[in-house]
2 protein chains.
Amino acid sequence: MLLSNTCIYGLRASVLLASKHGDKFVTIRELSEELNISFHFLTKVLQQLTKSEILQSYKGPNGGVKLAKKASEITFMDVVISIDGNNIMKECALGMPVCSELKPCPLHDQWTAMKGNILNMMNTVSLDQLAANRHTDTLYNSYIAHARKE
Amino acid sequence: MLLSNTCIYGLRASVLLASKHGDKFVTIRELSEELNISFHFLTKVLQQLTKSEILQSYKGPNGGVKLAKKASEITFMDVVISIDGNNIMKECALGMPVCSELKPCPLHDQWTAMKGNILNMMNTVSLDQLAANRHTDTLYNSYIAHARKE
DNA sequence: TATAAATAAGATAAAATAGTCTTAATTCAG
DNA sequence: CTGAATTAAGACTATTTTATCTTATTTATA
C-alpha cells in the first residue's frame, strides 16, 4: 500500500473537515462516526495533524478540531508528510539503498517517472479540491453502504 | 511503500537470476550473499516463487533455483502477484471499501490514472529487460558500496 | 550405503503497524 | 466552584510483517 492506514484516516478526516466549510470546531466524535473510524484511534491521528499545524484543536465544550488554514492552502502532500513522514515515495522501487542517476537500479527510469507523477499530484491537489470533487459523500457513508450490501 | 519488502527481495533475486543466463541451478546461499539478504528469509521468499512456478528448484548437490521460463516471459507483475497477491494497487487511494466510477472517492480520477500507469509498467516490463538495464550490478553490490561510504 | 549438499516446512521471535483503554488537562456553563 | 465536554497523552493489546532457527526431505557422489 502506498499510504499507511493511519495516513488514509487523516486524509479522509481532513477532506471531510474541508467539506464542512465554516470556521466552527467539529468534535472528533462526530468525525469518527461519519467516517466510521474508531474514535480513540482517530484522536491520535488528528493529534499529529494538530502538532503539524494542519489542524487547530480546542478543548472543552464546543471544542473540537478544524482546519488551521484555508482548505485551498492545504495540500494532499501536507497531510501525507505529517503522518507518513517525508520519505514517502523517495525510496527506490527495488529497495536499493543506493539508487540514483549515477547508479540506478534496473527499474530506476520507469519508477522515477511514476514517482514524479504521484508526487506532483500530491503536491498539487488541495483539500478544497478534494472536498469539491464529486461524491465527497463517499468519504463517510460508503462503509454503511458496504455494510448494507452484505 | 508500494511493494512489501518480501516482494522486493523476490524481485531482486529474480532479476539477478535473469542476469545469470544459463540454465544451471544457482544456490539460494549464493543469491543471498550477492543480494545481502538473510539466507533463511530469502529461502522462504523463493519458495513462494517456486510454488507459483516462476522458479524451479532442485534439492541436493548441484541443486538450487533457476527461472522456470525464459526471462522474457516473466513479467515484473508475475513476481509481484506471486508474493504480494493480486490486490496490489486495486484498492482506493483513500481506502474506501466502495470506490468506483459510479461512486468515486474524491481522489478517484487522479489515482485511477496513476494506477493504470504503474500496472501497465509492471505488466509490460519483463525480467530480461530489467536484467539488461544499465547497472544491474546495483542489484547486488550497492549494499557494499553503501557500507563503505559510512 | 553413508555423507554432505541442498531446498522445504514449520516453529518461534522481533519489530512495525494498528487499535483500545485509561487518565490527565483544559474549558465552558450553570 | 463544580460538573460535563472535550482534546492530550500515555500505557497497553492485537495484528501483520519481517526475520531467525530448527528439523525434515531430497539427491548426488564417493
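In this text the structure is predicted, and so the values were computed from the model without any measurement. (Residues numbered from 1 in each chain as written. Chains lettered and ligands numbered in written order. Predicted model: local features only at pLDDT ≥ 70, side-chain atom pairs only at ≥ 80, totals over all residues. Heavy atoms only, no water.)

1. Notes on the confidence of the model for chain A
For chain A, mean pLDDT is 87; residues scoring 70 or higher make up 89% of the total. Here residues 141-150 of chain A scores under 50 on pLDDT; set against residues more than four positions off or in separate chains, the count is 14 contacts. (pLDDT = per-residue confidence, 0-100. Contact = heavy atoms within 4.5 Å.)

2. With respect to helix 2 (residues 28-35) of chain B
Residues and elements named next belong to chain B. When we look at burial in helix 2, the residues that qualify are Ile28, Leu31, Ser32 and Leu35. Projected onto a plane normal to the axis of helix 2, the buried residues spread over an arc of 95 degrees and lie on a single side. One or two residues past the end of helix 2 sits Asn36, with phi positive at roughly 60 degrees. (Buried < 20%, exposed > 50% of the residue type's maximum accessible area, 1.4 Å probe, protein only. Helix = DSSP H or I, 4+ residues; strand = E, 2+ residues; numbered from the N terminus. Arc of directions from axis to C-beta.)

3. Some words on the packing of aromatic side chains
Residues and elements named next belong to chain A. Counted according to the given criterion, the structure contains four aromatic pairs over all chains. A ring pair is formed by Tyr9 and Phe41, whose centres lie 5.7 Å apart and whose planes are at 85 degrees; its orientation type is edge-to-face. Of this pair, Tyr9 sits in helix 1 (residues 5-19) while Phe41 sits in helix 3 (residues 39-51); the two residues are 32 residues apart in sequence, bridging distant segments of the chain. (Phe/Tyr/Trp six-rings, centres within 6.5 Å; stacked < 30°, edge-to-face > 60°.)

4. Comments concerning the protein's contact with DNA strand C
Residues in contact with DNA strand C amount to 27 residues; listed here are only the nearest, Ser38, Tyr58 and Pro61 of chain A together with Ile28 and Ser57 of chain B. Here, DNA strand C places atoms within 4 Å of the protein, and 65% of those atoms are sugar or phosphate. Within the backbone of Ile28 of chain B, a nitrogen or oxygen atom sits 2.7 Å from a phosphate oxygen of DNA strand C. For DNA strand C, a phosphate oxygen lies 2.6 Å from a polar atom in the side chain of Ser57 of chain B. Residue assignment for the surface near DNA strand C shows that the elements contributing at least two residues are helix 1 and helix 3 of chain A together with helix 3 (39-51) and strand 1 (55-58) of chain B. Top element by residues in the surface near DNA strand C is helix 3 of chain B. It accounts for five residues. Of the residues belonging to the surface near DNA strand C, the class tally is eight nonpolar, 14 polar and five charged. (Near = heavy atom within 4 Å. Polar contact = N/O pair within 3.5 Å; in protein donor to acceptor, adjacent residues only side chain to side chain. Nonpolar A, V, L, I, M, F, W, Y, C, P; charged D, E, K, R; others polar.)

5. Details of the pairing of strand 1 of chain B
Residue and element names in this part refer to chain B. Here four bridges tie strand 1 to strand 2 (residues 64-67), and the two strands are oriented antiparallel to one another. Bridging across to strand 2, Ser57 finds its partner in Val65. What sits between the antiparallel neighbours strand 1 and strand 2 is a turn of five residues, in which Gly60 has the positive phi angle 80 degrees. (Pairing = 2+ DSSP bridges.)

6. Section: the pattern of salt bridges
Counting across every chain of the model gives eight salt bridges over all chains. Notably, a salt bridge pairs Glu34 of chain A with Lys20 of chain A, separated by 3.1 Å at the nearest N-O pair. Residue Glu34 of chain A is found in helix 2 (residues 28-35), and its partner Lys20 of chain A is found in the loop between helix 1 and helix 2; the two are separated by 14 residues along the sequence. Judged by relative accessible area, Glu34 of chain A falls into the partly exposed class, the value being 23%. Measuring nitrogen to oxygen at the nearest pair gives 3.8 Å for the salt bridge that ties Glu73 of chain B to Lys70 of chain B. The exposed category is assigned to Lys70 of chain B, whose relative accessible area is 55%. One salt-bridge network, in which partners are shared between bridges, spans Lys20, Glu30 and Glu34 of chain A. (Salt bridge = Lys/Arg side-chain N within 4 Å of Asp/Glu carboxyl O.)

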